[in-house]
Amino acid sequence: MKLFNKLAVALLLVAVGVMVAGGPAQAQSLQEVMKARGLTEKDILAAAKTYTPTGGRDEYLCFSSGGQSGQVIVYGIPSMRILKYIGVFTPEPWQGYGFDDESKAVLAGGKIHGKQLTFGDSHHPAISETDGNYDGQYLFINDKSNPRLAVIDLHDFETKQIVANVFFSSDHGGCFVTPNTEYIMEASQYAAPFSKEFVPLEEFNEKYRGGLTYWKFDRETGRIDPDQTFTFELPPYSQDLSDAGKGPSYGWGFTNSFCSERYIGGIERGRPPFEAGCSSKDTDFLQVTNWKKAAELVAAGKVSKVNGQYLIPMEQAIAEDLLFLIPEPKSPHGCDVTPDGKSIIVSGKLDSHAWVYSFDKIMKAIEDRNFETTDTYDIPIIALQTALDKSVNVGLGPLHTQFDSEDGVCYTSIYVDSQITKWNYRTGKVLDTLPIHYNVGHLMTMEGDTKTPDGKYLVALNKLSIDRFNPVGPLHPQNHQLIDIAHPTMTLLYDMPLPLGEPHYAVAIKADKLQPTVRYKTGWNSRTDEKSAFRARAGREHVERNGNKVDVYGTLIRSHITPEIIEVQEGDIVSIHLTNLERAEDEVHGFAMYGQNIQLSIEPGKTASATFTADRAGVYPYYCTEFCSALHLEMQGYLLVQPKGYVATGAEMQEGVTYTEDDYNTQVATNVATQEVIDQVVGFITSHNYADFPTVVGLVEDATDQLGFAAEAKKKAEDAAAKQDWQNAMLWANQWWQYQVKTADLGLRAKTHLEENGAKKVK
Ligand code: RUQ
Ligand code: CUA
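Residues numbered from 1 in each chain as written. Chains lettered and ligands numbered in written order. Predicted model: local features only at pLDDT ≥ 70, side-chain atom pairs only at ≥ 80, totals over all residues. Heavy atoms only, no water.

Focus on the domain arrangement of the protein
- Split into domains, the protein comes out as domain 1 (6-50), domain 2 (60-263 + 275-513), domain 3 (524-642) and domain 4 (661-756).
- Inter-centroid distance (C-alpha atoms) of domain 2 to domain 3 is 41 Å.
- Residue-level contacts link 18 residues of domain 2 with 17 residues of domain 3.
- A buried area of about 1400 Å², summed over both sides, lies between domain 2 and domain 3, and 35% of it is on carbon and sulfur atoms. (Domains from an automatic or database assignment. Contact = heavy atoms within 4.5 Å. Buried area = accessible area lost by both parts, 1.4 Å probe.)

This is the structure in structure tokens:
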């Protein structure tokens, strides 16, 4: 141990001193590397456009659906580096999501018929908008398999709320927000009875329904308000995608549909399958809804609640002029309102055209009561030719459309032909095409579904990757292809494998619109965004027992968990609440325990809890799961579950080593030397304008805490030494040194940050 101490002091001294120069420069020239790797000049140019040197940041952050993982994937553009998976509909152990009591409460909001689900099929993310532009505050995403919607707060990238649709049994056309995030649109997909009871398929036309929910979002609370939410009852067509009107079309929503044949399948009954019956007719319907007027009816008390939520029956929607249909050709897909809000683009996925509808023409038809006919449910139908502005031949199997910063320019994903088509929705001219590997689904441009798209890059979310990457077995990763769209012709820059479910849609926001926090206020419940009732402060850790319910109020700080020994009795219900006392950026502690399915991620300031039944007597080691310091492995403890009726033996604890006065003196000498190192670092920090650097302020606060603990340990060591209790004197002296090492470590991080970020000398 003595040797280790000396070594550590030496290392600290080196770190304080001058940086040692790097090794010899790379011998290989660019030409040599290009030759060796078979790279062309075009490859090098593409690489230069995406390569991000160490410490570099991306211009955009992309939020991609995680498909079957039920999560959200966050990556940077143009580097395509994955930064985070956000646990949303499914447990995610790294974040403790679905393992701590706080996040279990969030997941419980998504129960279906009281059943806790651990699967979700996340599809369409949406960023909150103010005046039709991304404001970077919230992210929403839907689960198709179970019609649920989640709210993610972008100030900490955590899921805060999950709501389940009370009418639908699947959804697809969500999430799409209205221009001020007044509402979040969620359309059902597969028609089912709103009663959620058994109804025979023979009653499909009468009792099965589609629908469109406008979830009310409350900015004040940052949560969806189910009480102010309303749903349009729609015919049992398969609702597909939605988009909200903006600018002149503000107040209206657009949702396309397929299978307006209302075919109900039945291969086993000798009937042709769904795929035949759902694509036999030439047209389906675009459903046009007036949400603004509907909201006024709700506010005026003219809409009734069913299943506890407002439901606008079709008859009411028709009578109040809230709902209209327009034919859409050939199994439509995609529904995208242009940035100026004047047109709606829908594609026919069994066709080669994109169909541009004019909002003005739609409004005129409604004003003139110019309807072609009505559907079976008496909903007025506006004739295709009355509402259509133009149709453009864009390639076989067009799906989705996104927009460029240049007026009129848009991009459509072409599934069957595997290409991106760049065209102009004003002139109807095709401008460029780019082949894609393989079968692109959605595509996404930077802020491409807002009022003011940024252009620059496009990501093709491909359904297949086939031979693009090293083979990893029959299940392949997905392939997101990054495309440069800053020039008249598109260029492919990068292939990124995504190995976490099949992403559907993605949205990208300018990174500087996001200001995520690096720490919580100490003792914070991050899921409810309030002070946790279970927080504990340093020195106030304690255990409370109430019958067989045991609450442990503990803390975490480098490098120990308080308490280190927890004793309970067999059958107790134990809740361990832990507060991370750190304030330095990225000083996360974890908490895992043998045999209890516990894993918490406790970021600086957070309080998280784990509740379990200690149903088996035994010894349960627990430890920190984040490598948080040199003594991370020592960040440990024991839960002792005593058998019923256990009586303590009264024996003394036995330790492996006995310390002498000499040991104590050597340790104290080390500590004195270490203090000199600390003083040098402190001198450097305080002689600079460190208060201007929030990162450094956090580090200094933590260092001050650690120095305070060091002083307490020093006092204990000296008290023990005065009593010639060399065992405790040495151990406390060593703990004093442990606190010093953390202080020095924090100080060095602060010093490096100041040096790298051009801090100025102030004295
Ligand atoms: S749509 S399968 Cu987003 Cu093209 Cu869902
Ligand atoms: Cu805390 Cu490892």
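Describing the site of ligand 1
- Around ligand 1 sit H123, H124, H172, H333, H400, H442 and H504, and that is every residue in its neighbourhood.
- The class makeup of the residues in the shell around ligand 1 is no nonpolar, 7 polar and no charged. (Near = heavy atom within 4 Å. Nonpolar A, V, L, I, M, F, W, Y, C, P; charged D, E, K, R; others polar.)

Some thoughts on the packing of helix α11 (residues 661-686) against helix α12 (residues 694-722)
- It is at 13 Å that the axes of α11 and α12 come closest, and there the two elements cross at 155 degrees. Compared by their axis directions, α11 and α12 come out roughly antiparallel. Crossing of α11 against α12: the hand is left-handed. Of the residues in α12, those touching α11 at Y664, Q675 and I685 are V700, L707, A717, E718 and A721.
- Here the residues of the contact of α11 with α12 are counted per class, giving 6 nonpolar, 1 polar and 1 charged. (Axes fitted to C-alpha atoms, helices over the stretch in contact; angles between N-to-C directions. Helix = DSSP H or I, 4+ residues; strand = E, 2+ residues; numbered from the N terminus. Parallel < 35°, antiparallel > 145°, perpendicular 65-115°, else oblique. Left-handed = near helix turned anticlockwise from the far one by under 90°.)

A closer look at α11
- Taking 1.5 Å as the rise per residue, α11 with 26 residues should run 38 Å; its terminal C-alpha atoms sit 37 Å apart, in good agreement.
- Buried residues of α11: D663, Y664, Q667, T670, N671, T674, V677, I678, V681 and I685, and no others. (Expected span 1.5 Å × (residues − 1). Buried < 20%, exposed > 50% of the residue type's maximum accessible area, 1.4 Å probe, protein only.)

As for the pairing of strand β13 (residues 238-244)
- Among the 7 residues of β13, 7 are classified as buried, and the element is accordingly described as predominantly covered.
- In the sheet, β13 pairs with strand β14 (residues 252-258) via 5 bridges, with the strands oriented antiparallel. Pairing of A244 across the sheet is with G253, part of β14. (Pairing = 2+ DSSP bridges.)

As for the sheet that holds strand β41 (residues 589-593)
- In space, the 5 strands of this open sheet follow the order β39-β45-β44-β41-β42, with mixed pairing throughout. Two strands in the sheet have a free side with no partner beyond their single neighbour: β39 (565-569) and β42 (598-602). Ignoring strand direction, the axes of neighbouring strands in this sheet form an average angle of 15 degrees.
- Bridging between β41 and strand β44 (residues 618-623) involves 2 bridges; their strand directions are antiparallel. Bridge assignment links M593 to a residue of β44, and that residue is Y622.

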